[in-house]
Amino acid sequence: MIYMIKELIHDPIFLAGKSETATKEDLQTAIDLLDTLTAHKDTCVGMAANMIGVRKRIIAFLDESGRAPTYTVMLNPEIIKKDGAYYLFFGGNDMHKKGEGGIGVARADRPEGPYKDILGKPLIDEVINGAQPIDQFVFQDVDGTYYMYYGGWRHCNVCVMNDTMDGFVPHADGSIFREITPRGYVEGPCMLKRNGVYHFIWSQGGWTNGTYHVCTSHSTDPLNISPDGKVILIA
């Protein structure tokens, strides 16, 4: 990896633009963001990737929740409000084996933070059912149940969150992680519900060769995804 301090972007129009989902191809951007934040540590405690000219969902910040302050980077963080608290779910590091990183969760009293890690360790820190722990998406159903969909490496799992959002409750069969991978799935799961129908959305194809696209399938059960989808967006 190349370590580099980037020039800061101040253009309000650029900074207001929507950022895209980060992938493992953006690891260099994450490193550059950490280097740039460290270089401005006297005046700044956090930065987003668009501040160095890259519209990807990556943030870096000074984490003071542990024994010693540590500069931390997050990929594709997601904030959920529950019972008056805000929960930030994030992917950390390009994890390939247990202990390298995974999906974490932090909590705050305000949406802007500061956020503190709840567990002091990843919520998911290993590959389960072939799914790399990245691209987490937390979905709240109308009955108040929260589901986490996640996974890279062409595999997707779904888990049911517990009441404190720092763990999971078993499925009916006793398992914690249920694989729901549709055909062609690569990464980036998302669940929506409209008029009683669940719409599961994911990315497939290659992000470097022009075949990347977005697919969706429909079901009446958030835990049972139809394996066949249709293309709704082409890169």
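Residues numbered from 1 in each chain as written. Predicted model: local features only at pLDDT ≥ 70, side-chain atom pairs only at ≥ 80, totals over all residues. Heavy atoms only, no water.

Novice: Just checking my understanding: could you explain the overall build of the protein chain for this structure?
Specialist: If you tally the helices and strands in the protein chain, you get two helices and 15 strands. Taking 18 Å as the expected radius of gyration for a compact globule of 235 residues, we find that the protein chain reaches 18 Å, a close match to that expectation. Expressed as lengths along the three principal axes of its C-alpha atoms, the size of the protein chain is roughly 50 × 40 × 35 Å. Residues classed as buried in the protein chain amount to 44% of the 235 residues present. Residue pairs at least 24 apart in sequence account for 43% of intrachain contacts in the protein chain once pairs closer than 6 positions are excluded. Of the accessible surface of the protein chain, which amounts to about 12,400 Å², a share of 53% is contributed by carbon and sulfur atoms. (Helix = DSSP H or I, 4+ residues; strand = E, 2+ residues; numbered from the N terminus. Rg over C-alpha atoms; globule rule 2.2 N^0.38 Å. Buried < 20%, exposed > 50% of the residue type's maximum accessible area, 1.4 Å probe, protein only. Contact = heavy atoms within 4.5 Å. Areas by Shrake-Rupley, 256 points an atom, 1.4 Å probe, with all protein chains shown as cover.)

Novice: When you look at the sheet that holds strand S12 (residues 187–194) in this model, what are you seeing that I'm missing?
Specialist: The strands that make up a sheet pair up through hydrogen bonds in the backbone, lying either parallel or antiparallel. The sheet built from four strands is open, its strands ordered S12-S13-S14-S15 with antiparallel pairing. Whereas interior strands pair on both sides, the edge strands pair on one side only; in this sheet they are S12 and strand S15 (230–234). Ignoring strand direction, the axes of neighbouring strands in this sheet form an average angle of 25°. Pairing of S12 with strand S13 (residues 197–204), which is carried by six bridges, proceeds in the antiparallel orientation. Directly across from Leu-192, in S13, lies its bridge partner His-199. (Pairing = 2+ DSSP bridges. Axes fitted to C-alpha atoms, helices over the stretch in contact; angles between N-to-C directions.)

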